[in-house]
Amino acid sequence: MSALKTVIAGVSGRMGRALLEAVAADPACALHGALDRAGSQTLGQDAGIYAGGKSGVAITEQAAMALTGADVLVDFTRPEATCAYLDACRQAGANIIIGTTGFDAAGKAAIEAAAKEIGIVFAPNFSVGVNLLMKLSEMAARVLAEGYDIEIIEAHHRHKVDAPSGTALGLGQAVAGALGRDLKACAVYGREGVTGERRPDTIGFATVRGGDIVGDHTLLFAGVGERVELTHKASSRATFAQGALRAAKWLQGRGPGLYDMRDVLSLK
Ligand code: NAD
């Protein structure tokens, strides 16, 4: 089978660079185009500057040109950029992998509408391990539903501006859903002073921030006489890039539709 003709958006960004490296290392993918925002210093340069060598692909802001003849666009940018790229993908008949986060309702509606014409994998976390952790969490919650206190502990680098992380909240949702609880009603996001005894039906969150931690998540079930801990640790952005390429390969030839990483990994 011929290599997947892959266009990467936001190539000057942290994820864009990780994606260029991942494509360069994957014989099943071939770099077909490299996009960056208008006005970026990188425009016109060879995309290989970020992946250790020449790629023969010049960085451009012209999405229509970059997408001509492409199989897929991999987009980890900003919502406004993704929405413009969606239209370009529809016109070029290319699939799109969306890792960008922070869409409002209109942005999500635009993604759903585009999925009627092209294949889309849209996921807040492309790590294979994190998606597996979500599934294991649901299983564990059902088995440990009675007599175990549930706490979610996450750690991220010092530049992260929101807490708890989207992944920690996703874990909370997964566990609450498996137990038939409403996360809004049972979540406890911080403890200080005289808090009183722990209520058994709560799900607690604890946040650590520091240094260059890429992302750690632990789901703790604390019972009497034993504890079960499910932990995932991301050590580099390569994990998200590899997950995104895995999704791009899975999507090829599948036809229009909106999918997430649980579809890609057969975890539904
Ligand atoms: P970054 O700031 O390092 O890079 C953003 C890139 O987007 C840059 O190359 C920038 O030039 C480009 N960009 C910004 N505005 C643009 C516009 N209007 N048009 C075209 N290009 C534009 O950010 P990052 O850390 O690489 O993260 C990018 C996105 O991916 C964020 O939304 C982040 O939350 C998300 N993310 C998702 C996952 C996941 O697994 N789904 C993992 C990591 C990051």
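That block above? That's the structure.
From a predicted model like this one, the values you see are computed outputs, not experimental measurements. (Residues numbered from 1 in each chain as written. Predicted model: local features only at pLDDT ≥ 70, side-chain atom pairs only at ≥ 80, totals over all residues. Heavy atoms only, no water.)

S.K.: Describe in detail the packing of helix H1 (residues 14-25) against helix H8 (residues 238-251), supporting the description with residues and values.
M.R.: Remark: H1 packs on H8, axes separated minimally by 8 Å, with the N-to-C direction vectors making an angle of 60°. Relative to H8, the element H1 lies oblique. Once H1 is placed against H8, the crossing between them reads as right-handed. Contacts from Met15, Ala18, Leu19, Ala22 and Val23 in H1 reach Phe240, Ala241, Ala244 and Leu245 in H8. Of the residues assigned to the contact of H1 with H8, the class counts are nine nonpolar, no polar and no charged. (Axes fitted to C-alpha atoms, helices over the stretch in contact; angles between N-to-C directions. Helix = DSSP H or I, 4+ residues; strand = E, 2+ residues; numbered from the N terminus. Parallel < 35°, antiparallel > 145°, perpendicular 65-115°, else oblique. Left-handed = near helix turned anticlockwise from the far one by under 90°. Contact = heavy atoms within 4.5 Å. Nonpolar A, V, L, I, M, F, W, Y, C, P; charged D, E, K, R; others polar.)

S.K.: An account of the site of the ligand is needed here, citing residue identities and associated values.
M.R.: Around the ligand lies a shell of 21 residues, among which Met15, Asp36, Arg78, Thr101 and Phe126 are the nearest. One nitrogen or oxygen atom from the side chain of Arg78 is found 2.8 Å from an oxygen atom belonging to the ligand. Taking 870 Å² as the accessible area of the ligand by itself, protein coverage stands at 79%. Elements represented by at least two residues in the shell around the ligand include exactly H1 and helix H3 (79-92). Top contributing element to the shell around the ligand by residue count: H3, with three residues. Partitioned by chemical class, the residues of the shell around the ligand number eight nonpolar, eight polar and five charged. (Near = heavy atom within 4 Å. Polar contact = N/O pair within 3.5 Å; in protein donor to acceptor, adjacent residues only side chain to side chain. Areas by Shrake-Rupley, 256 points an atom, 1.4 Å probe, with all protein chains shown as cover.)

S.K.: A description of the pairing of strand E4 (residues 72-75) should follow, citing residues and the corresponding values.
M.R.: Of the two faces of E4, the one lined by Val72 and Val74 and the one lined by Leu73 and Asp75 are each fully buried. As judged from the three bridges shared by strand E1 (residues 4-8) and E4, these two strands associate in the parallel manner. Each bridged residue has a counterpart across the sheet, and for Thr6 the counterpart in E4 is Val72. Across four bridges, the pairing between E4 and strand E5 (residues 95-98) is parallel. (Buried < 20%, exposed > 50% of the residue type's maximum accessible area, 1.4 Å probe, protein only. Pairing = 2+ DSSP bridges.)

S.K.: Residue-level account of the pattern of salt bridges, with values.
M.R.: A complete count under the given rule lists 13 salt bridges for this structure. Here Arg90 ties to Glu117 by a salt bridge, and the two come within 3.0 Å at their closest N and O atoms. Placement of Arg90 in helix H3 and of Glu117 in the loop between helix H4 (105-114) and strand E6 (119-122) is noted, with a sequence separation of 27 residues between them. Taking relative accessible area as the criterion, Glu117 reaches 46% and is therefore assigned partly exposed. The residue Glu154 makes a salt bridge to Arg209 at a minimum N-O spacing of 2.8 Å. Of this pair, Glu154 sits in strand E7 (residues 149-156) while Arg209 is found in strand E9 (residues 203-209), placing the two residues 55 residues apart along the sequence. A single network of salt bridges, built from pairs that share partners, joins Asp149, Glu151, Arg191 and Arg198. (Salt bridge = Lys/Arg side-chain N within 4 Å of Asp/Glu carboxyl O.)

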